[in-house]
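# Reading the structure
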Amino acid sequence: MHIPDGYLSPQTCVAAYAVAVPFWAVASNRVSKVVRTRNVPLLAILSAVSFLVMMFNVPIPDGTSAHAVGGTVIAVVLGPWAALIAVSVALLFQALLFGDGGVLAYGANVVNMAVVLPFVGYAVYRLLAGRRSPLTSGRRVAAAAVAGYVAINASALAAAVEFGIQPDLFHTAAGAPLYSPYHLSQTIPAMMLAHLTVAGAAEAILTAGVLGYLARADVRRLVPSHPGVPVTAGETPAAPPRRFTPGRVAVGFVLLIVALTPLGLLAPGGAFGEGAPEDIDLGRYGLNAVPSGLARYNGWWSHSVLNGYGFSAGQHPSLAYVLSAVVGIAVVGALVFALAKLVEVAVRRRQPDRAGLADAADAAADAAAGAASADDAADAEAADAEAADAEAADAGDAGEPSRV
């Protein structure tokens, strides 16, 4: 699902960035909820998990491969805006360091996998789970599985449409495509077959598994992203186990995936639309040569450290894949953690300012109340003085003898 450079026209790439930028801007403010609830380490870990599962290719019956994304589970656990940031960072470094997905096409990949996927998944999850079912209920786990399945297929459909409209919108005077040579009649079946069968199941299992574990091990982690939802069916949630805490289990899970990532090399073919231009079967699509725009922009970014998650000479592919996984999770996790900490600092700076304004308002109110009390006291003293003068005058009149 990672669209390489050259398959989308520059106009399409600009439009995709125009859609992605406002979402990034809003997410930078909305993610403050995550830092206020002290879920920054969990966000960093889930970002690393998203990076890893996108490396784990699963073979598809048609000879290609596909992968999960992990965006839905982040949206369910921490909210869709946190998922947008996490998946965006993972996609960025996949493109820059490993050449997985284009840099020019980065905006389109973000729209597909960091916007469409988590927001669709979150909406489906909330619709199916409802507001009355407790966080520990099996209904929520089932809702998460369905949400992950629907979301990744919605994301795949968006990518298929972006691929498929290119030949009709951007072509030569003779009708030859300039960028992607695949039409909608080819892109939609190819993308949806992979995701309706295998990738969708992988996303569903990942989403349901993580949510189910957190619901049993440390359900309090889910409370901030589920306001107003009962935790359990009338019982107080038990404290998480000390030996196998969610943090330790998460680290163990990440290390396990790192060790298993070379299994992705066993997939017989690459994902649809992610191959190099020279690998396109030109005769199948009625072409005599690689589309000129595709040839021009493909490989536009040539500074990848481990291009294709491998060494430049192609030696030791398993070692290179594991090394790529280690480097990727370290960079992605560290950057997401740093970004969240920056947001946390900004939130803390705003809070003292608000507290200072509140204190100033309270002081002004106290001063006004004090002034009003002083005025009332002065008025009372003046009234007492007038009453005393009146009594003295009455006493004088009573003691004076009458004149005949």
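My aim in this report is to walk through the structure given alongside it, one point at a time. Since we're looking at a predicted model, the values are computed, not measured. For every chain, the first residue of the written sequence is number 1, and numbering continues from 1 along that sequence. Totals for whole chains, interfaces and linings use all residues, but because this is a predicted model, local features are given only for residues with pLDDT of at least 70 and pairs of side-chain atoms are given and counted only at 80 or more. The side-chain figures draw on all heavy atoms in the structure; neither hydrogens nor water molecules are used.

Take a nonpolar patch on the surface next. Only residues whose relative accessible area exceeds 30% and that form no salt bridge are eligible for patches; like-charged ones are grouped when within 9 Å, while nonpolar side chains (Val, Leu, Ile, Met, Phe, Trp, Tyr) are grouped when within 5 Å. Residue exposure ignores everything except the shown protein chains as possible cover, and the areas themselves are Shrake-Rupley values with a 1.4 Å probe. Criterion for a salt bridge: a side-chain nitrogen of Lys or Arg within 4 Å of a carboxyl oxygen of Asp or Glu. A grouping of Leu127, Leu128, Val146 and Val150 is seen on the molecular surface, where their side chains present a nonpolar patch of about 330 Å² in accessible area. Here a strand is any run of E in DSSP of at least two residues, a helix any run of H or I of at least four, and the numbering for each starts at the N terminus. Listed by contribution, the elements that provide at least two residues to the nonpolar patch are α6 (106-129) and α7 (138-164). Mapped onto the elements of the fold, Leu127 is located in helix α6. Each residue is assigned to one of three classes by its accessible area relative to the maximum for its type, calculated with a 1.4 Å probe on protein chains only: buried under 20%, partly exposed between the two thresholds, exposed over 50%. Judged by relative accessible area, which is 69%, Leu127 ranks as exposed.

Interaxial distance between helix α3 (residues 40-55) and helix α5 (residues 80-98) falls to 9 Å at its minimum, and their mutual angle equals 50°. When the interaxial angle is binned, α3 and α5 end up oblique. In the packing of α3 onto α5, the handedness of the crossing is right-handed. Along its contact with α3, which presents Leu43, Ser47, Ser50, Phe51 and Met54, the element α5 presents Ala82, Ala86, Val87, Ala90, Leu91, Gln94 and Phe98. Fitted lines through C-alpha atoms give the axes, limited to the stretch in contact for helices. The angle between two N-to-C directions lies from 0 to 180 degrees. Throughout, the term roughly parallel applies to angles under 35 degrees, roughly antiparallel to angles over 145, roughly perpendicular to angles from 65 to 115, and oblique to all others. Handedness of each helix crossing follows the sense of rotation of the near helix against the far helix: counterclockwise by less than a right angle gives left-handed, clockwise gives right-handed. By definition in these notes, contact holds between two residues if any of their heavy atoms fall within 4.5 Å.

We now examine the environment of Gly200. Here Gly200 lies in helix α9 (residues 184-217). Each C-alpha atom of the pair Gly200 and Tyr149 lies 4.5 Å from the other, and the pair is 51 residues apart in sequence. Gly200 has contacts with Tyr149, Ile152, Asn153 and His195, leaving out every residue within four places of it along the chain.

Between the rings of Phe, Tyr and Trp (Trp by its six-membered ring), a pair exists once the centres lie within 6.5 Å; its type follows the angle of the planes, with under 30 degrees stacked, over 60 edge-to-face, and the other angles tilted. Per the counting criterion, the structure on display carries 15 aromatic pairs. When the ring of Phe170 is compared with that of Tyr179, the centres are 6.0 Å apart and the planes differ by 80°; the resulting orientation is edge-to-face. Exposure remark for Phe170: the relative accessible area of 16% places this residue in the buried category. Three or more aromatic residues link up through ring pairs in this structure, and these residues are Tyr7, Phe163, Tyr182, Phe272 and Tyr285.

Moving on: helix α1 (residues 10-30). The end-to-end C-alpha separation of α1 is 30 Å, in line with the 30 Å expected for 21 residues at 1.5 Å each. For α1, the full list of buried residues reads Thr12, Cys13, Ala16, Ala20 and Ala27. Elements that come into contact with the buried residues of α1 comprise α5, α6 and α8 (166-169). A helix's residues, less one, multiplied by 1.5 Å, set its expected span.

Between side chains of opposite charge, a pair can form when the charged atoms approach closely. The final tally for this structure, using the stated rule, is 2 salt bridges. Between Asp218 and Arg220 there is a salt bridge, and its shortest N-O distance comes to 3.6 Å. With a relative accessible area of 10%, Asp218 lands in the buried category. In this structure, Asp218 engages Arg221 in a salt bridge whose closest nitrogen and oxygen atoms are separated by 3.4 Å.

Nine residue types can take part in a nonpolar core, namely buried Ala, Val, Leu, Ile, Met, Phe, Trp, Tyr and Cys, and a core is a set of them joined through side-chain atoms within 4.5 Å. Formed by 97 residues in total, the largest nonpolar core has its most connected members in Leu43, Phe51, Leu52, Ile74, Val77, Tyr125 and Leu222. Setting aside anything within four residues of it in sequence, one finds Leu222 in contact with Val77, Leu135, Leu211, Leu214 and Ala215.

Taking 1.5 Å of rise per residue, the 16 residues of α3 would be expected to cover 22 Å, and the 23 Å separating its terminal C-alpha atoms lies within 8% of that figure. Taking burial as the measure, the 16 residues of α3 include 14 buried ones, the bulk of the element.

What follows concerns unusual backbone geometry. Positive phi, normally seen in glycine, also occurs at Tyr309, with a value near 60°. Mapping Tyr309 onto the fold places it in the loop between α11 (292-297) and α12 (317-399). Here His316, not a glycine, exhibits a phi torsion of approximately 50°, which is positive. Locating His316 in the fold gives a position in the loop between α11 and α12.

Once that is clear, we can look at the environment of Pro167. Within the secondary structure layout, Pro167 lies in helix α8. A residue is classified by how much of its surface remains accessible, and Pro167, at 5% relative accessible area, is buried. A sequence separation of 10 residues divides Pro167 from Pro177, and the C-alpha atoms of the two residues are 4.7 Å apart. What Pro167 contacts, discounting residues up to four positions off in sequence, is Pro177, Ser180, Pro181, Tyr182 and His183.

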